Amino acid sequence: ITSPATFFRIADVRITGGNSNGSFPGQGGAILISFVGRIEIDRCVFAFNSAEVFGGAVFIGAPNSEIVINDSAFSNNSISNTGSPIGGAIMIVA
């Protein structure tokens, strides 16, 4: 999700088995969020997602953003790059 929006919320969602093969390979196996003012992740489950380098489940590249994660679970998410992996579950660049 790349948007000039000022608010993004995801709630009551289960994402499993995702991988980062899209436009930004290596980042956020389940979701990649950038350029949003306030980000809320509520009551979500992220399991068995993978990325090559950053954020096995979630990558958030949103400078000057407010990031809130409530009642969410992250399990068995991974990074495949053994050189300099960062954020097996979550990577936040704020």
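Could you give me a rundown of the pattern of salt bridges, with the residues and numbers involved?
Under the defined criterion, the tally for this structure stands at five salt bridges. Note that arginine 38 and glutamate 40 form a salt bridge whose closest N and O atoms lie 2.6 Å from each other. Since its relative accessible area comes to 25%, arginine 38 is described here as partly exposed. The buried category is assigned to glutamate 40, whose relative accessible area is 12%. The salt bridge involving glutamate 66 is made with arginine 38; its shortest N-O contact spans 2.5 Å. Taken together, the residues span a long stretch of sequence, with glutamate 66 in strand 8 (residues 66-70) and arginine 38 in strand 4 (residues 38-42) at a distance of 28 residues. Accessibility expressed as a relative area gives 44% for glutamate 66, which makes it partly exposed. One continuous salt-bridge network, built from bridges that share partners, spans Arg9, Arg38, Glu40, Asp42 and Glu66.

Explain the sheet that holds strand 8 residue by residue, including any values.
Taken in spatial order, the three strands line up as 1-4-8 in an open sheet, and their pairing is parallel. A strand with exactly one partner marks an edge of an open sheet, and here the two such strands are strand 1 (7-11) and strand 8. Averaged over all neighbouring strand pairs, the angle between strand axes comes to 5 degrees, with direction disregarded. Of the pairings in the sheet, the one linking strand 4 to strand 8 comprises five bridges and is parallel in character. Counted as the bridge partner of aspartate 42 is asparagine 70 from strand 8.

Thresholds, definitions, all that
Residues numbered from 1 in each chain as written. Predicted model: local features only at pLDDT ≥ 70, side-chain atom pairs only at ≥ 80, totals over all residues. Heavy atoms only, no water. Salt bridge = Lys/Arg side-chain N within 4 Å of Asp/Glu carboxyl O. Buried < 20%, exposed > 50% of the residue type's maximum accessible area, 1.4 Å probe, protein only. Helix = DSSP H or I, 4+ residues; strand = E, 2+ residues; numbered from the N terminus. Pairing = 2+ DSSP bridges. Axes fitted to C-alpha atoms, helices over the stretch in contact; angles between N-to-C directions.

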